[in-house]
Amino acid sequence: MGADKKAVPFKGTEEQKQQLLEMIAGLKNERGALMPILQKAQDIYGYLPIEVQTMISDETGIPLEKIYGVATFYSQFSLYPKGKNQISVCLGTACYVKGSGDVYNKLMEKLGIEGGQCTPDGKFSLDACRCIGACGLAPVMTINGEVYGKLTADMLDGILAKYE
Amino acid sequence: MIMADEMKLVNVKVNGIPVAAPIGTTILDAAHMAGVKIPTLCYLKGTNEVGDCRLCLVESTKARGLVASCMYPLSAMDEGAEIKTNTPVILESRKRTLELILSTHERKCLSCVRSGNCELQKLCKEYGVDDEKLYDGYRNEFELDTTAVHMVRDNNKCILCRRCVGACDNIQGLGIIGANNRGFASFIGCAFDKGLGETSCIHCGQCIVACPTGALYEKDDTAKIEAAIADPEKLVIVQPAPSIRATLGEEFGLPIGTDVEGKMATAFRRLGFDKIFDTDFGADLTIMEESAELIERVQKGGALPMITSCSPGWVKYCETYYPEQIGHLSTCKSPQQMFGAVTKTYYAEKLGIDPKNIFTVGVMPCTAKKFEVTRDQSAVPGVMDVDVSITTRELARMIKRHDIDFTALPDGSFDDPLGESTGAAVIFGVTGGVMEAALRTAVEKLTGETLEKVEFNEVRGFDGIKEATYNVAGTEIKVAVASGLKNAKVLMDQIEAGTSPYTFIEIMGCPGGCINGGGQPLVDSMVRNFVDVRALRANALYANDAAKTLRKSHENPSIKKIYEEYFAEPGSHKAHEILHCSYVKRSIN
């Protein structure tokens, strides 16, 4: 639940920071500015790590906890970046009854992360998705858009190795 | 001026009882006017008004379905409404709501710190919840958050009412805690799930006194005291803060605002403390030092306004949120710490014993005092000024465990010399009290004349910010008093902007001052919502002051003696070494 202690190192650039500060300056005096600020901040950085949320807090005067509360309430916000390789496991009905839940759990175990998170080396991020229309191949997952079907947990090492 | 609209009344009936309530009155308040008591759980007036627990649902002929009475303002549309608060449908709904709350509540009620005064427990009993396991299912399990120096958060007992969040946010303006995640996964915590001890929490404990269940409680330090009392090597000294005498009785069923000073002294003796002294002595000493400091700053051009430093939650707030302004804080230690420092220096020397063998206990209205004792400001290197600081609630727990029948105790008295105090000291426990006590001494010092009327009514009362101007010996002194950090912020922003018109400011971290501190007895929200608990407690302190012969700190004979024998004069080099301290700049986390 909530944030992972071994976060991916923050790699924000000075340019991104300037973009963020300008964006906040333009919005902060409006009522209910936090949502658009968070949306635009996620557009800039791809996610909302503590460094970004702290900058937002400093600039707007909104306590960090309030920002974090909103960021963890809405599923559109992510505290983690996407990995170089983005894994998406289908937990739709067909895949699920064919065992995609086991595949998903196995991936969490192998990568050492929870769903929605990214490995500290930035190589893999893991998400669950709903039906991708490939039910005939259930259970399926995609890595960077490439589809892997009729999966079993013991196939995962071989597949992941291709992306190492 | 009251607008004409607000004067308009709306006529309704609550359980058949007619009420004419001003437009905008909630059904809950209108019912109270009719003498009908609607149960509430999440609602805490002024602190948490969100309507999320659904206990206070009622029926109205002018509303569809059941409505939350705490959040339903009566309008002209409700004219003639027949409101019912106790129909079978409502009673069933309340029971169901309680059963659902219990389904995710850790029911370790027997050993719970709140057993007996838990608001959830009370309501379950009242509404006949006879199967607490009815809706048992998956329950989130949480580790205890013990990272903070003063308190524990046990989210297994949290019912997500958000009263603690309201206290932190709406009362103190801090926003350290809030709801994280969503739906079934939601819980109350800090940003990025950090422990409370890793944040800028200022330890005020207002969240604890807001909590209806056993989810929040102070760290209990009574075992350390029991061990010290059992140790024959230790001379164990106790010092209760001014406000404790006005609140301790509540823990034993006495009416709010009963002054139990005498019984408290007897209880301390029966608990086995060696010396029964009084933080009020420390308060008188604080006034001597602080008024001298103020006069010096005014005459020599020091940082003004000078701000009081008695409230450790306020001090940490200033250090964290206004680090550039710490020069405005009086360098005086708080009364608790001054008193402790005196026991480890003057008193130890007087008795000829090693200060290491003196164990000084503070009984405080305050959880931030547990933080304060850990500050690096000891008068004797390696020896804490105060060894342990406990709350009023912990003291009551000790008294109960020691088979002491508190209400039947005869009145006792404090020991000499550090148990002697004046009326100026006892009012430290209420907002404006330190200011009033300081004025009583400063005015006499500056004018050289005896002050006949010692009351300074302008700084009394419970407005968030009070101000007054006094002309003292040709000098205009403009003062302000604030309690609750949201109010303190207003005065601090003025100082930061360079527009503060004041010479001297008193700030207390908790709204109303120590009588409403985070370590005080818990008062059921259904009482708190309609009774001004702060005023009742304050009256006990003002009455205590008024009954005293000596009402100015500098008239305290033991204070005069300690300056003669030890400190020479207020603000002396020795006084600075022992009674004053410095502050640190902190960053917001």
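Definitions and limits used
Residues numbered from 1 in each chain as written. Chains lettered and ligands numbered in written order. Predicted model: local features only at pLDDT ≥ 70, side-chain atom pairs only at ≥ 80, totals over all residues. Core = buried A, V, L, I, M, F, W, Y, C linked by C-beta atoms within 7 Å. Buried ≥ 20, exposed ≤ 12 C-beta atoms within 10 Å, placed from the backbone. Helix = DSSP H or I, 4+ residues; strand = E, 2+ residues; numbered from the N terminus. Contact = placed C-beta atoms within 7 Å. Pairing = 2+ DSSP bridges. Axes fitted to C-alpha atoms, helices over the stretch in contact; angles between N-to-C directions. Domains from an automatic or database assignment.

Chemist: So what about the nonpolar core? Which residues, and what values?
Modeler: One broad trend across soluble globular proteins is that nonpolar side chains are buried collectively. Within the largest apolar cluster, 195 residues are counted, with the highest numbers of intra-cluster contacts made by Cys56, Cys164, Cys207 and Val361 of chain B. Ranked by residue count, the leading element in this core is helix α16 (residues 433–447) of chain B, at seven residues.

Chemist: Please provide a residue-by-residue account of the interface of chain B and chain A, values included.
Modeler: With 14 residues of chain B at the contact, the number on the chain A side is twelve residues. Ranked by residues supplied to the side of chain B that touches chain A, first place goes to strand β7 (residues 177–180) of chain B with four residues.

Chemist: Can you break down the sheet that holds strand β13 (residues 358–364) of chain B residue by residue, with the values?
Modeler: Residue and element names in this part refer to chain B. With parallel pairing, the four strands of this open sheet are ordered in space as β11-β10-β13-β14. Two strands lie at the open edges of the sheet, namely β11 (275–276) and β14 (388–391), each paired on one side alone. Packing of helix α14 (residues 392–401) onto the sheet brings it into contact with β13 and β14, and relative to β14 it is tilted by some 85 degrees.

Chemist: Go over the environment of Glu79 of chain B with me, naming the residues and quoting the values.
Modeler: Following the sequence through the fold, Glu79 of chain B ends up in the loop between β4 (66–68) and β5 (82–84). Sequence-distant contacts of Glu79 of chain B, that is, excluding residues within four places in its chain, are made with Val10 and Asn11 of chain B.

Chemist: Tell me about the environment of Val260 of chain B, and name the residues and values.
Modeler: Residues and elements named next belong to chain B. As for its placement among the helices and strands, Val260 is situated in the loop between α8 (244–247) and α9 (261–271). Taking the number of C-beta atoms within 10 Å as the measure of exposure, Val260 has 24 and is therefore buried. Between the C-alpha atoms of Val260 and Leu409, which are 149 residues apart in sequence, the distance is 9.9 Å.

Chemist: So what's going on with the domain arrangement of chain B? Which residues, and what values?
Modeler: Residue and element names in this part refer to chain B. Assigned domains within chain B: domain 1 (4–86), domain 2 (124–218) and domain 3 (223–579). A separation of 30 Å is found between the C-alpha centroids of domain 2 and domain 3. Contacts between domain 2 and domain 3 engage 17 residues on the former and 26 residues on the latter. In terms of residues, the side of domain 2 that touches domain 3 owes the most to one element, helix α6 (residues 206–210), which gives three residues.

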